[in-house]
Amino acid sequence: MSTVALWAAGWATAQDMPEVHALEPFVEGEIEIGTLQSTHAVLPFTTTLDLACVLVFGTDDSFGRLALDQNMGGAAHRDHRIVLSDLEPDTRYRFRLQGSAPDGRLFASRTYSFRTPVAETSDRFGPRLEDLRVEGVSSQYSDAFAAANAVDGDGASEWSSAGDGNEAWIELALPGATELSGVGVWTRTMSASARIERFEIRTDDGRRFGPFELPNADGLHRFEVPATASSLRLEVLSSTGGNTGLVEFEAYAAP
């Protein structure tokens, strides 16, 4: 039932409606996009009190889309990381942060904006393979953090292991024997843990590629893997420990 209907029924009054507080005084530093690419953006921020946060965004003030905090669980916390995925290149977006504290207080920021850059092109890698399938995984934290999230093309979902740290691995089937040019890897992170720092790729015929270094968790990083393979296995070699995993894994056919 809407608030108007509740008032009409005598179940709610204007005094029952909670005040919405400005969020900015409770954010350390500025609210600004940390990583910006043509199809996704990452907003990391820290609050001085525990909050459960969500971000609304769109190309105008009607917004229309939601992005959730990537740190695990719906509970309130202070270190936040929100990924905005499936963005259009060279497009201006507007966004607002909203949050709720455990004591029931509601918070909202003012509206901010950013513009995605023009899409980059590269002839080093061919087209992205669309039909990757998970064949095996070291573990998964829950159904919400299933291994299939790593190949769903959605930067707002993740595969998380159940505390595997440096022992995490994931094996992916390709659509038959495929001549590859490389892979793309986007590690998940929980600020102080869960970030993959170094990994290697194994093919089904036993060839190894790497070790590869991941400079950060802010987006997809591409690496050359010139091989013909039917499956690929990513093995973590070093990490910041904990629930390591991936936001996305991509494989590219030879151009």
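Above this text you will find the structure in question.
Below or above, wherever it landed, is the structure these notes cover. (Residues numbered from 1 in each chain as written. Predicted model: local features only at pLDDT ≥ 70, side-chain atom pairs only at ≥ 80, totals over all residues. Heavy atoms only, no water.)

**Brief notes about the overall build of the protein chain**
Quick note on the threshold: Under the DSSP-based scheme used, a helix requires at least four consecutive residues in state H or I and a strand at least two consecutive residues in state E, with every element numbered from the N terminus. Only protein chains enter the accessibility calculation, which uses a 1.4 Å probe. A residue is then buried if its area is under 20% of the maximum for its type, exposed if over 50%, and partly exposed in between. Contact criterion: two residues are considered in contact whenever any of their non-hydrogen atoms come within 4.5 Å of each other. Computed with the Shrake-Rupley method and a 1.4 Å probe, the accessible areas treat only the protein chains shown as cover for residues. In summary, the charge assignment counts Lys and Arg as positive and Asp and Glu as negative, without counting His or the chain termini. Working definition for charges: the position is that of NZ of Lys, CZ of Arg, CG of Asp or CD of Glu.
What the protein chain contains, in helices and strands, is one helix and 16 strands. Overall, the protein chain is about 70 × 40 × 35 Å in size when its C-alpha atoms are taken along their principal axes. Burial analysis of the protein chain (255 residues in total) assigns 46% to the buried set. In the protein chain, the proportion of contacts linking residues at least 24 apart, taken out of those at least 6 apart, comes to 70%. When the accessible area of the protein chain is evaluated, it comes to approximately 12,300 Å², of which 48% is carbon and sulfur surface. Charged side chains of the protein chain number 20 positive and 38 negative; the gap between the two group centres comes to 2 Å.

**Comments concerning the environment of R94**
Spelled out, the test is: The definition of a polar contact used here is a pair of N or O atoms within 3.5 Å, where within protein one atom must be able to donate a hydrogen and the other to accept one, and adjacent residues in sequence count solely through side-chain atom pairs.
Assignment of secondary structure puts R94 in strand β6 (residues 92-100). The class of R94 is partly exposed, set by a relative accessible area of 28%. Remark: the alpha-carbon pair of R94 and R115, spanning 21 residues in sequence, is separated by 8.8 Å. Contacts of R94, omitting those with residues within four sequence positions, involve V56, F57, G58, D60, D61, F63, T111, Y112 and S113. A polar atom in the side chain of R94 sits 2.5 Å from the side chain of D61.

**A word on the pattern of salt bridges**
The line we're drawing: Here, a salt bridge means any side-chain nitrogen of Lys or Arg that lies within 4 Å of a carboxyl oxygen of Asp or Glu.
By the definition in use, this model includes 14 salt bridges. One salt bridge connects R115 with D90, and the closest N-O pair in it is separated by 3.1 Å. Here the residue R115 occupies a position in strand β8 (residues 112-115), and D90 occupies one in the loop between β5 (77-84) and β6, the gap between them amounting to 25 residues. Here E250 makes a salt bridge to R128, at a shortest N to O gap of 3.8 Å. A residue pair is termed long-range when its members are at least 10 positions apart, and E250 in strand β16 (residues 245-253) and R128 in the loop between β8 and β9 (133-137) qualify at 122 residues. Owing to a relative accessible area of 14%, E250 belongs among the buried residues under this scheme.

**Describing the pairing of β16**
To be explicit about the condition: At least two DSSP bridges between two strands are needed for those strands to be called paired.
Of all nine residues in β16, nine are buried; the element is thus mostly enclosed. As judged from the two bridges shared by strand β10 (residues 159-160) and β16, these two strands associate in the antiparallel manner. Residue pairing in the sheet places S160 in a bridge with G245 of β16. As paired elements, strand β11 (residues 169-187) and β16 share seven bridges and run antiparallel to each other. Bridging from a neighbouring strand, L180 pairs with A253 of β16.

**Observations regarding the environment of G29**
Mapped onto the elements of the fold, G29 is located in the loop between β1 (20-22) and β2 (35-36). Separated by 131 residues in the primary sequence, G29 and S160 have C-alpha atoms spaced 29 Å apart.

**Concerning unusual backbone geometry**
In this structure, P211 follows G210 across a cis peptide bond, with omega equal to 0°. Mapping P211 onto the fold places it in strand β13 (residues 208-213). Although it is not a glycine, D86 adopts a positive phi angle of roughly 55°. Relative to the elements of secondary structure, D86 occurs in the loop between β5 and β6.

**Observations concerning the packing of aromatic side chains**
Geometry of an aromatic ring pair is reported as the spacing of the ring centres plus the angle between the planes. Convention followed: Planes of paired rings set the category: under 30 degrees apart is stacked, over 60 is edge-to-face and the rest tilted, where pairs are Phe, Tyr or Trp rings (Trp by its six-membered ring) whose centres lie within 6.5 Å.
Enumeration according to the criterion identifies 10 aromatic pairs in this entry. The interplanar angle of 75° and the centroid separation of 5.2 Å between the aromatic rings of F26 and F107 together place this pair among those described as edge-to-face. In this pair, F26 sits in the loop between β1 and β2 while F107 sits in strand β7 (residues 106-108), placing the two residues 81 residues apart along the sequence. Given the relative accessible area of 2%, F107 is considered buried.

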